[in-house]
Amino acid sequence: AGWLTEYSLSVDNLFIFIIIMASFNVPKVYQQQALLVGIVLALVFRGIFIALGAVAIEQFSWMFYIFGAFLVYTAIRLARDTEHDDDADNFVVRFAKTYLNTTDKWDGLKLYVKEGSKRLMTPMFLVIVALGTTDLLFALDSIPAIYGLTREPYIVFTANLFALMGLRQLYFLLGDLLNRLVYLSQGLAFILLFIGVKLILHALHENELPFINGGEGLPVPEIPTLLSLAVIILTLFLTMVASLIKTRSVDKG
């Protein structure tokens, strides 16, 4: 269930990856290597997030309230995002362009080149920075989501590892097909909303906040992992079918 959640959320990342590759005009021969380096960086950052999340949950059970509320908020925001018009030039990339010496010339996979006494950052450097930092932002959604399914840091990290490595294959296999998944944002939003509610119910069940029921747990139902898995699979299936029916009718029209 954890892997499937991370993998489905990672599909949304591919829209942004495609935008980044197109914005920087990355030569096709270099795209796979750039994507791999960006994914490795993202995995390092996610490992840090996972460790911090595990410590926070272990020490403060009320963190589930925050995780749950954040996922509900993210679900609402994602449901409204149907265009995937994110800008590849995020703050970190703009900072690098402004304060670092850069060049527009590609030199294979090199991150920097020397011109005289100056060291200039290549477009490949900016691409990798954009990929790594963008995926880091996605981790803010996916890490709380998987902690709603399991509290085992090893499972959380392994699920993220397989999901991120699977992005390389998805990027080159799906390509144009992603544009046909018109209801992807709504499907992922429902999954995040479901897991957010699951987290809040879990927090209420193990409540330790003194201003809620005197610090005692509430007799609320908890959603088992198998039910979560069934909901995720059904949601993804319906999202895919509805998207393909919609795009097919548009093509015929």
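Going by the structure above, here's the rest.
These figures come from a predicted structure and were not determined experimentally.

Q: Give a description of the overall build of the protein chain that names residues and reports values.
A: Along the backbone of the protein chain there are 8 helices and 2 strands. When its helices and strands are written in sequence order, the protein chain yields α-α-α-α-β-β-α-α-α-α. Evaluated residue by residue, the protein chain yields a buried proportion of 45% over its 253 residues. Within the structure as shown, the protein chain displays about 13500 Å² of accessible surface, and the carbon and sulfur contribution to it stands at 66%.

Q: Account for the environment of R248, naming residues and giving values.
A: Topologically, R248 is positioned in helix α8 (residues 225-252). The exposure class assigned to R248 is exposed, which follows from its relative accessible area of 53%. Spatially, the C-alpha atom of R248 lies 8.8 Å from that of R180, the residues being 68 residues apart in sequence.

Q: Go over the nonpolar core, please, and point to the residues and values.
A: In a soluble, globular protein the nonpolar side chains are often hidden away together inside. Core analysis: the largest hydrophobic core is formed by 64 residues, its most contacted members being F24, L131 and Y147. Take this core: its biggest share by element is 13 residues, from helix α5 (residues 123-147).

Q: Please set out a nonpolar patch on the surface residue by residue, giving values where relevant.
A: The grouping of L36, V37, V40, L41, V44, F45, I48, L52 and M165 at the surface amounts to a nonpolar patch, some 690 Å² of accessible area in total. A total of 8 residues in the nonpolar patch trace back to one element, the largest contributor, which is helix α2 (residues 28-59). Here L41 shows up in helix α2. For L41, a relative accessible area of 34% translates into the label partly exposed.

Q: Before we move on, could you go through the pairing of strand β2 (residues 118-121) and cite the residues and values that matter?
A: Sheet topology note: the strand β1 (residues 112-115)/β2 ladder contains 4 bridges and is antiparallel. Each bridged residue has a counterpart across the sheet, and for V113 the counterpart in β2 is L120.

Q: For the environment of P224, give the residues involved together with the corresponding values.
A: Counting through the fold element by element, P224 comes out in the loop between α7 (184-205) and α8. For P224, a relative accessible area of 46% gives the class partly exposed.

Q: Break down the packing of aromatic side chains for me, citing the residues and quoting the values.
A: Counted under the stated rule, the structure contains 2 aromatic pairs. Geometrically, the ring pair formed by W3 and Y7 is stacked, given 4.9 Å between the ring centres and 20 degrees between the ring planes. Here W3 pairs with Y7, and both are found in helix α1 (residues 2-23), just 4 residues apart, close to one helical turn. Taken together, a centroid distance of 5.4 Å and an interplanar angle of 45 degrees make the contact between F60 and W62 tilted. Since its relative accessible area comes to 41%, F60 is described here as partly exposed.

Q: Give a detailed account of the packing of helix α3 (residues 63-80) against α7, specifying residues and quantitative values.
A: Where α3 meets α7, the axes come as close as 8 Å, and the angle between the chain directions of the two elements is 160 degrees. Taken as axis vectors, α3 and α7 run roughly antiparallel relative to one another. As for how α3 packs across α7, the hand of that crossing is left-handed.

Q: Would you mind going over the side chain of T235 in detail, with residue names and values included?
A: Secondary-structure assignment places T235 in helix α8. Take T235: its relative accessible area is 10%, and that puts it in the buried class. Discounting residues that sit within four places of it in the chain, T235 has contacts with G187, F190 and I191.

Q: Talk me through α7; I want residue IDs and the actual numbers.
A: Its 22 residues give α7 an end-to-end C-alpha distance of 32 Å, which sits within 8% of 32 Å, the value for a rise of 1.5 Å per residue. Burial analysis of α7 places 16 of its 22 residues in the buried class, the great majority of the element.

What counts as what
Residues numbered from 1 in each chain as written. Predicted model: local features only at pLDDT ≥ 70, side-chain atom pairs only at ≥ 80, totals over all residues. Heavy atoms only, no water. Helix = DSSP H or I, 4+ residues; strand = E, 2+ residues; numbered from the N terminus. Buried < 20%, exposed > 50% of the residue type's maximum accessible area, 1.4 Å probe, protein only. Areas by Shrake-Rupley, 256 points an atom, 1.4 Å probe, with all protein chains shown as cover. Core = buried A, V, L, I, M, F, W, Y, C linked by side-chain atoms within 4.5 Å. Patch = residues over 30% accessible without salt bridge, like charges linked within 9 Å, V, L, I, M, F, W, Y side chains within 5 Å. Salt bridge = Lys/Arg side-chain N within 4 Å of Asp/Glu carboxyl O. Pairing = 2+ DSSP bridges. Phe/Tyr/Trp six-rings, centres within 6.5 Å; stacked < 30°, edge-to-face > 60°. Axes fitted to C-alpha atoms, helices over the stretch in contact; angles between N-to-C directions. Parallel < 35°, antiparallel > 145°, perpendicular 65-115°, else oblique. Left-handed = near helix turned anticlockwise from the far one by under 90°. Contact = heavy atoms within 4.5 Å. Expected span 1.5 Å × (residues − 1).

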